[in-house]
Amino acid sequence: MQRLMRDQPSLCGRALLLHHKERGVERVAFASPAARRIGIRSGMTLAAAVALEGSVLRQPSIRAHDAEALRALGESLLKFGPMFQSDGVEGLWLDASAAHLWGSEMAWAQAVGTACEGLQFRFVVGSERFTTQALAKSRVQGAVVGPRGDGRLAAVSLEALEEGWLGAQEAQPFRALGLSTLGELAGLSPGALVSRFGTIGRLASRLARGEDESLLVADPLPATLEETVQLDWPAEQLEPVLFALKRAVDRISGRLQGRQQAAVRLRITLMLDAAEAVRVRLLLSRPMSERRLLLELLRHRLTDLTVEHPIVAITLKVEEHCPAPAHQRTFGEREDGGAALDVVLSRLQSTLGEEALFTAQPQPRHRPEASWSKARFSPPEAGPAASFEMDFKKSKAAKPAASWPRRKSKGEVAPTLDDETMGTRPSRLFQAPCFINSQMDAAGALVAMDVAGRRRRVEAIQGPERVTGEWWSRGYARDYYRVQLEGVGSVWVFRDGRDGLFYAQGVFD
């Protein structure tokens, strides 16, 4: 019931029942507080419930959806413990071995409760699975119990044995003896129970005394990270769509962080009313799992989208993810990090298409215009202890030869450039050198160049750096200079050894 009201806030406060078929008869499985106030109870027939209130809202109870939502909640809580196990479709066991990191079991449990914001629940921290389950279902709240339940099991109803441990049929003989609580069962002789009921009697006696040796069995994590949110009504404006998208992002972000993973590629599927679904993909500039940033990027992706039919549901799927990169912020660094760059890249993808983004792949060539090639843009691989931001900063000071392919072209050796040489290279290269008219004095010194229709005086010049190569083909020989032009700035030019003319190769920022 909480799952439905969380997904569809308009159901809050309304009379709602969930029904399922039991032995061929539709019966009420769950009822909302408003429905219970008018007399609707679990187990009564659907016809009787409708007779009490004809306007009550009715939806089928889909246990698979409840179990899926519970597992998703367990994934988001993995940041508090190494594993979780589902207890039917209404409870979770969470490994509390990391509770000491919060100072105490109670502080740990309160932190877990804070992470379950918007949900009503009870929690018990104990040493055995049966003890914690029995106390939590008996409406004990916020308890930390020691081994064997600290005597608190005595007042718990015998129904605790029936739910997932013995079953109603196996527990019936104990009720035939007139027993109603676990304390009454624990007071009987274990030997007498074993001699009369066999292994069932021994197990019941041990559980009633809080002696449970069963271990947690971690639920397997689904391979697909996907969340679907139904809109309260078909939406024709962006605002209700973003409201639903926020709920999906919150859950996906929690599941990613619980797995210590970061999203690389996302896909939004917009289910339309009486039309084919629309799918929108988002390739992130770096692996991330922050909900605020993911929502901002997805919002930019949807802002420019036009759909012809109302939207009835949203599905958010993580198509690709990787281990979450560790990142230690430096002093003065903002929490959002490279959020501005991520937003710009997202808007570029939305406007120009994913193929419009590319990266420069270094190539083993001396000739500057051939020293790189276009490669499809993809986020960098996240290592176990290094982040993309740190790797990016390191790459600025690294030698380009370190990232060049080991295989070399015939007759050519991959260049090794030191930091001093790299300091003379421009930050922006032209796609191809362009001729530039120049003027030299009587001594052969460069004094002026024509740029943008005007003659610019040379204020300073640095060089030359001689680059030659490719003798097996046409070959080239160039003398490169860094020229400071009046009113323009620093330009990287070279004098071609074949014709003696000057060409512009790039500019310095």
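None of the values given here were measured: they were computed from a predicted structure.

Peer 1: What should I look at first to understand the nonpolar core in this one?
Peer 2: One broad rule of soluble globular proteins: the nonpolar side chains tend to lie buried together. The biggest cluster of nonpolar side chains holds 30 residues, and the ones touching the most others in it are Leu 266, Leu 298, Ile 314 and Leu 316. Those elements that provide at least two residues to this core are β8 (225-235), α11 (238-259), β9 (261-272), β10 (278-288), α12 (291-303) and β11 (311-323).

Peer 1: Hey, could you run me through unusual backbone geometry in this one?
Peer 2: Glycine aside, the phi torsion of most residues is negative, and most peptide linkages are trans. The omega angle of the peptide bond from Gly 463 to Pro 464 is 5°, so this bond is cis rather than trans. By secondary structure assignment, the location of Pro 464 is in strand β17 (residues 454-469). Positive phi, normally seen in glycine, also occurs at Ala 274, with a value near 60°. You can call Ala 274 exposed: its relative accessible area is 75%.

Peer 1: Just to check I follow, could you spell out the pattern of salt bridges for this structure?
Peer 2: It is possible for side chains of opposite charge to pair when their charged atoms get near one another. In this structure the tally under the stated criterion is 25 salt bridges. The salt bridge partner of Asp 87 is Lys 137, with a shortest N-O separation of 4.0 Å. With Asp 87 in strand β4 (residues 84-87) and Lys 137 in helix α6 (residues 129-137), this pair connects stretches of sequence that are 50 residues apart. Among the residues examined, Asp 87 registers a relative accessible area of 14% and is labelled buried. By relative accessible area, which is 32% here, Lys 137 ends up partly exposed. Across the pair Arg 251 and Glu 227 runs a salt bridge whose closest N-O atoms are separated by 3.7 Å.

Peer 1: Explain helix α10 (residues 199-208) here, please?
Peer 2: Because the α-helix completes a turn every 3.6 residues, residues three or four places apart line up on one side. Taken residue by residue, α10 has Gly 201, Ala 204, Ser 205, Arg 206, Leu 207 and Ala 208 as its buried positions. On its buried face, α10 is in contact with α6, α7 (168-176), α8 (182-186) and α9 (190-197). Among the residues trailing α10, Gly 210 stands out with phi positive, at a value near 80°.

Peer 1: Looking at this structure, I do not really get the packing of aromatic side chains. What am I missing?
Peer 2: Aromatic rings considered in pairs are described by the distance between their centres and by the relative angle of their planes. This structure, assessed with the given rule, holds 10 aromatic pairs. Residues Phe 174 and Phe 197 carry aromatic rings whose centres are separated by 4.9 Å and whose planes lie at 55° to one another, so their mutual orientation is tilted. Here the residue Phe 174 occupies a position in helix α7, and Phe 197 occupies one in helix α9, the gap between them amounting to 23 residues. Three or more aromatic residues joined by ring pairs make a cluster, and in this case those are Phe 435, Tyr 480, Trp 492, Phe 494 and Tyr 503. The cationic tip of Lys 374 hangs over the ring face of Phe 358; the distance from NZ or CZ to the ring centre is 4.7 Å. Between the NZ or CZ atom of Arg 478 and the centre of the ring of Tyr 476, over which it lies, the distance is 5.4 Å.

Peer 1: Looking at this model, I keep getting lost on the confidence of the model for the protein chain. Mind explaining?
Peer 2: Detailed reading of the predicted coordinates is not advisable wherever pLDDT falls low. For the protein chain, per-residue confidence averages 83 on the pLDDT scale, and 88% of positions sit at 70 or higher. Across the protein chain, element-level confidence peaks in β11 with a mean pLDDT of 93 and bottoms out in helix α14 (residues 388-397) with 33. Considering only residues more than four positions removed or in separate chains, one finds that residues 382-418, a stretch of pLDDT under 50, has 48 contacts.

Peer 1: Is there a simple way to explain the packing of α11 against α12 in this structure?
Peer 2: The description of two packed helices rests on the angle between their axes and on the distance between the axes. Across the interface, α11 lies against α12 with an axial gap of 9 Å and an inter-helix angle of 145°. Taken as a pair, α11 and α12 cross one another with a handedness that is right-handed. Of the residues in α12, those touching α11 at Leu 238, Val 241, Leu 242, Leu 245, Lys 246, Val 249, Asp 250, Ser 253 and Gly 254 are Arg 291, Leu 294, Leu 295, Leu 298, Arg 299, Leu 302 and Thr 303. Across the contact of α11 with α12, the residue classes tally to 9 nonpolar, 3 polar and 4 charged.

About the thresholds
Residues numbered from 1 in each chain as written. Predicted model: local features only at pLDDT ≥ 70, side-chain atom pairs only at ≥ 80, totals over all residues. Heavy atoms only, no water. Core = buried A, V, L, I, M, F, W, Y, C linked by side-chain atoms within 4.5 Å. Buried < 20%, exposed > 50% of the residue type's maximum accessible area, 1.4 Å probe, protein only. Helix = DSSP H or I, 4+ residues; strand = E, 2+ residues; numbered from the N terminus. Salt bridge = Lys/Arg side-chain N within 4 Å of Asp/Glu carboxyl O. Contact = heavy atoms within 4.5 Å. Phe/Tyr/Trp six-rings, centres within 6.5 Å; stacked < 30°, edge-to-face > 60°. Lys NZ or Arg CZ within 6 Å of the ring centre and 35° of its normal. pLDDT = per-residue confidence, 0-100. Axes fitted to C-alpha atoms, helices over the stretch in contact; angles between N-to-C directions. Left-handed = near helix turned anticlockwise from the far one by under 90°. Nonpolar A, V, L, I, M, F, W, Y, C, P; charged D, E, K, R; others polar.

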